[in-house]
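# Reading the structure
For reference, the chains in residue letters:
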Amino acid sequence: MKIFPSMVKEGAVVKENATANIFALGSGRENLMLDAKTGSTVTSPGKIEEFDAIIIGAGFAGLYALHRLRDQMGLSVRAFDAASDVGGTWYWNRYPGARCDIESIHYSYSFSPELQQEWTWSERFSAQPEILRYLNHVADRFDLRRDIHFNTRVTSLVWDDNNKLWKVGTEDGSIARAKYLISGAGNVSVPKVPEFKGVENFKGEVYLTSKWPHERVDFTGKRVGIIGTGASGIQAITEIAKEAAHLTVFQRTPNYATPNANAPTDPDIDRQIKAHYAEIRTKSRNSFLGVPYDQAQPSALVVSAEERRRVYDECYTQGGFRLAFDSFADLLFNKEANETVAEYIRERIRERVNDPAVAELLAPKDHPYGTKRPPLETNYYETYNRKNVALVDVKNSPIDAITETGVRTTSGEYKLDVIVLAIGFDAMTGPLLQMGIVGRNGLKLKDKWADGPHTYLGISAHGFPNLFMITGPQSAILLYNNPLAIEDHVDFATNVIQYMRDHDFDTIEPTLEAETKWVAHVNELSQATLFPDTDSWYMGANIPGKPRVFMGYLGGAHAYRKICADVEAKGYEGFSLGRAVTKVAIAAT
Ligand code: N01
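Residues numbered from 1 in each chain as written. Predicted model: local features only at pLDDT ≥ 70, side-chain atom pairs only at ≥ 80, totals over all residues. Heavy atoms only, no water.

What follows covers the overall build of the protein. Across its full length, the protein carries 17 helices and 24 strands. Over its C-alpha atoms the protein spans a radius of gyration of 25 Å, differing by no more than 12% from the 25 Å that the globule rule assigns to 589 residues. Along the longest, intermediate and shortest principal axes, the C-alpha atoms of the protein span 80 × 55 × 45 Å. Counting across all 589 residues of the protein, residues that qualify as buried make up 58%. Restricting the contact set of the protein to residue pairs at least 6 apart, pairs at least 24 apart contribute 70%. (Helix = DSSP H or I, 4+ residues; strand = E, 2+ residues; numbered from the N terminus. Rg over C-alpha atoms; globule rule 2.2 N^0.38 Å. Buried < 20%, exposed > 50% of the residue type's maximum accessible area, 1.4 Å probe, protein only. Contact = heavy atoms within 4.5 Å.)

What follows is the structure, given as structure tokens:
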């Protein structure tokens, strides 16, 4: 960091805007900026503020982190979010049909017994508007909004090693500083950039599922095309087909979608769960997926064909992720075992789709079940029995361009009024890398992660002190019920912070050795599974040029929690904790 002592007033500290070569001088009240090129002082366009902790994001992670740090630990905290309100993923993904894929009673916060008791979900799997209402309720109930700056995109995060602080630059030119930085920026929050030639020439409307407008989009009487058949596309297709004059689905890779078996909340079940919520949460956290499923049988290959069919039928009918995680434990490890469930799902698709040629196109054969995130559905396959829906295979006839009037593939042209892009995200690493994170000695996170993420426990990285990446790459998040995974990580991070405050430490970061071992462990686990052979966003394979590496910990929620608990019990084994040799040097003239 450059310092210009002659320009600094008594009581002031020096700050740097990493993106603009502008250095700010201020005590918290002044906004003098120094242009590094000309040496002249200018007034900063924004404020410079100081906090104990800064949080990025106001979704499930950011809201809980704010409550915990501010209300339970008494720290001064500021959260930033680019959105105009709380919600994170559930703020942006407002496309028709968006809903959660884990039962809402489990896909919710557990930190407040009162909150758990007072909120009642209207459906087994709640739709986006209800989840957003829930997060708004949480923000109001815990009075969180007053410490969140909305409409504020973070553009730079720079570690100041002299002062042992993070400097956070935002789009409006403001700078804030804090000792602790918590990223709750999410994992599927940076949309994939559409790579279609000519998209800017299309004369109709174009929508991204992941940045859906707040106003209702009316498809009535329109010819709609949708590109993408992942979890978002499958949910959107089912709903848009009901309204559009015609819907063309451009499918590159068919997916193994299975029923969610959604239904209105059964008041008896709701009462039972609420009476035993604490035990149920414990059971969830001790299970692989963070949902209180029963124990899967060890192998699909040692039971009779009849027993296997019985188990698959039961899981398929009960819905949710039971087929993947509550049937047989070897589905994601053994190709032969996986083929039994894959063929079961194909058969069900063939039963549900009237036209055999369409059914065959919808039946996945090029990857094992579960190695792309399995979507859940209600009447997805029946949608293809509608007269106003057509399926176009863009694997064999790829999209060539988007024209002024529609989509052109190598085998034909489709005239459209509306195009919906459900093409996914630059997942896991994307949200962190886009924030311009610079650690100790000017180390850029994007350079450190040039060949894929390197973290310790998926929450921290060597060279980036006091940074906590809530459910970051190489954590258990990919296969762990997200709200519980988030709470676990926020608890871990905030316990670290409490420990540092209690023991007068200024910095914490993982050792290179611990990080290297963790990366090797994560890779070893993934190599034992079927995941690496499939091109998926789990592997970074959906983004051209992104390193192809599995980005999650695959040992399951229970094993992951045990590792973190051991690290904590051993006084943060694998981390190095430091005290500043001299406390913040404040230049004086
Ligand atoms: O994104 P995706 P998503 N030409 O990457 C296709 C979470 N989520 O937004 O498979 C043609 O899964 C691409 O094809 P292919 C959940 O974790 C949760 O649907 O690459 N097609 C694929 O079909 C989920 O997994 C929920 O061949 C192109 C699709 O676009 C994650 O978000 C709901 C293409 C992208 O699928 C991401 O899901 C929704 C091209 N050039 C999402 N580029 C719930 O919990 C991409 N595609 C409910």
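Here we take up the layout of surface pockets. Reported here for the second largest pocket is a volume of approximately 600 Å³. Around the second largest pocket sit 31 residues that line it, and Glu 103, His 106, Arg 124, Tyr 293 and Arg 322 are the ones nearest its centre. Among the elements of the structure, helix 6 (267-275), helix 7 (277-285) and helix 8 (305-318) are those that each provide at least two residues to the lining of the second largest pocket. At five residues, helix 8 tops the list of elements feeding residues into the lining of the second largest pocket. Its residues assigned to classes, the lining of the second largest pocket comprises 13 nonpolar, seven polar and eleven charged. No fewer than three residues from each of domain 1 (25-190 + 427-585) and domain 2 (258-421) sit in the lining of the second largest pocket. (1 Å grid on protein atoms, 1.4 Å probe; cavity = no way out; pocket = protein on both sides within 12 Å on 5 of 7 lines; lining within 4 Å. Points joined across faces, edges and corners; volume = space filled by probe spheres on them. Nonpolar A, V, L, I, M, F, W, Y, C, P; charged D, E, K, R; others polar. Domains from an automatic or database assignment.)

Strand order in the open sheet formed by five strands is 11-20-12-13-16, with parallel pairing between adjacent strands. What marks the edges here is a single partner per strand, and that holds for strand 11 (205-208) and strand 16 (389-393). Put simply, the sheet's adjacent strands are angled 20 degrees from each other on average, direction ignored. Sheet topology places strand 11 next to strand 20 (residues 418-421); four bridges connect them, and they run parallel. Counterpart to Val 206 in the pairing with strand 20 is Ile 419. (Pairing = 2+ DSSP bridges. Axes fitted to C-alpha atoms, helices over the stretch in contact; angles between N-to-C directions.)

So, on to the packing of helix 8 against helix 10 (residues 335-352). Packing of helix 8 against helix 10 brings their axes to within 11 Å, and their N-to-C directions diverge by 60 degrees. By the angle between their axes, helix 8 is oblique relative to helix 10. Both helix 8 and helix 10 take part in a crossing whose hand is right-handed. Here Arg 308, Arg 309, Tyr 312, Asp 313 and Tyr 316 of helix 8 come into contact with helix 10, specifically with Ala 337, Thr 340, Val 341, Tyr 344, Glu 347, Arg 348, Glu 351 and Arg 352. Its residues assigned to classes, the contact of helix 8 with helix 10 comprises five nonpolar, one polar and seven charged. (Parallel < 35°, antiparallel > 145°, perpendicular 65-115°, else oblique. Left-handed = near helix turned anticlockwise from the far one by under 90°.)

Look at any regular strand and the pattern is simple: side chains alternate between the two faces of the sheet. By the bridge criterion, eight bridges tie strand 5 (residues 48-56) to strand 10 (residues 175-183) in an arrangement that is parallel. Residue pairing across strands places Ile 55 opposite Ile 182, the latter belonging to strand 10. When strand 5 meets strand 6 (residues 77-80), the two strands line up parallel, connected through four bridges. Across the sheet, residue Ile 55 finds its bridge partner in strand 6, namely Ala 79. Running through helix 1 (residues 60-72), the crossover from strand 5 to the neighbouring parallel element strand 6 is right-handed. (Right-handed = clockwise from strand over helix to strand, strands pointing away.)

This part covers the site of the ligand. Around the ligand there are 23 residues in total, and Arg 99, Ser 232, Arg 252, Thr 253 and Lys 372 lie nearest to it. In the environment of the ligand, an oxygen atom lies 2.9 Å from a nitrogen or oxygen atom belonging to the backbone of Thr 229. Lys 372 places a polar side-chain atom, nitrogen or oxygen, 2.8 Å from an oxygen atom of the ligand. Here the ligand has 900 Å² of accessible area as a free molecule, and 86% of this is covered by the chains. It is helix 5 (residues 231-243) that provides the largest number of residues to the shell around the ligand, a total of three residues. Classifying every residue of the shell around the ligand gives nine nonpolar, seven polar and seven charged. (Near = heavy atom within 4 Å. Polar contact = N/O pair within 3.5 Å; in protein donor to acceptor, adjacent residues only side chain to side chain. Areas by Shrake-Rupley, 256 points an atom, 1.4 Å probe, with all protein chains shown as cover.)

Before going further, it helps to examine the nonpolar core. The biggest cluster of nonpolar side chains holds 130 residues, and the ones touching the most others in it are Tyr 109, Tyr 384 and Leu 457. Among the elements that line this core, the one with the most residues is helix 15 (residues 482-502), at nine residues. Counting contributing residues per domain, this core is built from domain 1 (25-190 + 427-585) and domain 2 (258-421), each supplying no fewer than three. Ranked by size, the runner-up nonpolar core spans 22 residues in total, among them Val 154, Leu 157, Trp 166 and Trp 449. (Core = buried A, V, L, I, M, F, W, Y, C linked by side-chain atoms within 4.5 Å.)

The next thing to look at is the pairing of strand 20. Of the two faces of strand 20, the one carrying Val 418 and Val 420 and the one carrying Ile 419 and Leu 421 are both buried. Pairing analysis gives four bridges linking strand 12 (residues 223-227) to strand 20, with the strands arranged parallel. Each residue of the ladder has a partner; that of Val 224, found in strand 20, is Val 418.

Topologically, Tyr 380 is positioned in helix 12 (residues 380-383). A relative accessible area of 1% places Tyr 380 in the buried class. Put simply, Tyr 380 and Ser 284 are 96 residues apart on the chain and 29 Å apart in space, counted from C-alpha to C-alpha. When neighbours within four sequence positions are excluded, Tyr 380 is seen to be in contact with Thr 229, Ile 234, Ile 237, Thr 238, Ala 257, Arg 352 and Leu 362.

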